[in-house]
Amino acid sequence: MYKNLLPLFDELQTMRDNYFHTEIFNSSIHTRAVPDKWSVAESIYHCYLLLKLTRRTSVYYLPIARAYMKLRRPKVKRYMDDMSNIYSGKTMKAPFILKPKMKREYTLIELRNLLEEETEKVKHCVEKLTKEQCYWIRYPDPVPGYPNVMQVVKLLRIHEEHHYRVVMEREAKFRK
């Protein structure tokens with residue numbers, strides 16, 4: 001795996017550790033503090049769904065992009081890996097495939113395991129990428145500005161942190 005990807009996955013783990021050890025994440029995670037807003041469990045499950053979608057896309061997209069890159073032999077003009085927080089302003093509603101429709105009430109440990117398993121699968125998708133591939137291959141996602149592989153991994157952490165922070169603030173404010 002390209003050496004600069006590992007710290008990004010480590011940041012993701014550290015961020016999860018910080019949130020998953022809080023009192024709010026270890027209390028009644030299935031109770032909604034506000035009726036029309038997601039619970040802690042639903043927020044975590046939504047983050048899991050995005051990881052899963054990213055992994056499923058990567059499984060098919062990355063080999064095709066690598067092959068195309070081999071044919072074209074492009075040169076990376078800039079090694080851009082900065083990723084702004086696209087969730088800091090007004091955000092869009094989650095698309096239907098990312099809405100958490102949980103079939104059962106998962107425990108916090110089960111939800112964490114779902115996240116960890118998907119993260120490992122994403123790591124596996126990107127482990128053979130070279131430095132040039134990590135910066136040249138761009139995902140066809142216009143919302144964050146067609147991010148490269150490095151930026152996508154950063155975006156996964158930014159997305160999770162956004163949802164965890166929102167749910168923590170809401171739970172602290174409205175939970176009795």
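Remember, it's a predicted structure, so these values are computed and weren't measured experimentally. (Residues numbered from 1 in each chain as written. Predicted model: local features only at pLDDT ≥ 70, side-chain atom pairs only at ≥ 80, totals over all residues. Heavy atoms only, no water.)

Draft legend 1. Seen up close, the pattern of salt bridges. With the rule as written, the count across this model stands at 11 salt bridges. The shortest N-O distance in the salt bridge between E161 and R157 comes to 2.7 Å. Of this pair, E161 and R157 are both found in helix α5 (residues 149-174), 4 residues apart, which corresponds to roughly one turn of the helix. Take E161: its relative accessible area is 22%, and that puts it in the partly exposed class. (Salt bridge = Lys/Arg side-chain N within 4 Å of Asp/Glu carboxyl O. Helix = DSSP H or I, 4+ residues; strand = E, 2+ residues; numbered from the N terminus. Buried < 20%, exposed > 50% of the residue type's maximum accessible area, 1.4 Å probe, protein only.)

Draft legend 2. Examining the layout of surface pockets more closely. In this structure, the largest pocket occupies an estimated 1,200 Å³ of space. In this structure, the largest pocket is lined by 35 residues; those nearest its centre are H46, M92, A94, H159 and H163. For the lining of the largest pocket, the secondary-structure elements that each account for two or more residues are α2 (40-72) and α5. Top element by residues in the lining of the largest pocket is α5. It accounts for 9 residues. Taken together, the residues of the lining of the largest pocket break down into 20 nonpolar, 8 polar and 7 charged. (1 Å grid on protein atoms, 1.4 Å probe; cavity = no way out; pocket = protein on both sides within 12 Å on 5 of 7 lines; lining within 4 Å. Points joined across faces, edges and corners; volume = space filled by probe spheres on them. Nonpolar A, V, L, I, M, F, W, Y, C, P; charged D, E, K, R; others polar.)

Draft legend 3. Structural view of a nonpolar patch on the surface. On the surface, a cluster of nonpolar side chains totalling about 310 Å² of accessible area is made up of L53, F96 and I97. Locating I97 in the fold gives a position in the loop between α2 and α3 (108-126). (Patch = residues over 30% accessible without salt bridge, like charges linked within 9 Å, V, L, I, M, F, W, Y side chains within 5 Å. Areas by Shrake-Rupley, 256 points an atom, 1.4 Å probe, with all protein chains shown as cover.)

Draft legend 4. Expanded view of the packing of aromatic side chains. Under the defined criterion, the tally for this structure stands at 11 aromatic pairs. Between Y2 and Y135, the aromatic rings sit 6.0 Å apart at their centres with planes inclined by 75 degrees, giving edge-to-face as the arrangement. Of the two residues, Y2 is situated in the segment before α1 (6-20) and Y135 in helix α4 (residues 131-136); the sequence distance between them amounts to 133 residues. The buried category is assigned to Y135, whose relative accessible area is 5%. Look at Y79 and Y135: their rings are 5.0 Å apart centre to centre, the planes differ by 85 degrees, and that puts the pair in the edge-to-face class. On the criterion of sequence distance, the pair formed by Y79 in the loop between α2 and α3 and Y135 in helix α4 is long-range, its members being 56 residues apart. An aromatic cluster is defined as three or more aromatic residues linked by ring pairs; in this entry it consists of Y19, F20, F25 and Y164. Residue placement shows R112 over the ring face of F20; its charged tip is 5.0 Å from the ring centre. (Phe/Tyr/Trp six-rings, centres within 6.5 Å; stacked < 30°, edge-to-face > 60°. Lys NZ or Arg CZ within 6 Å of the ring centre and 35° of its normal.)

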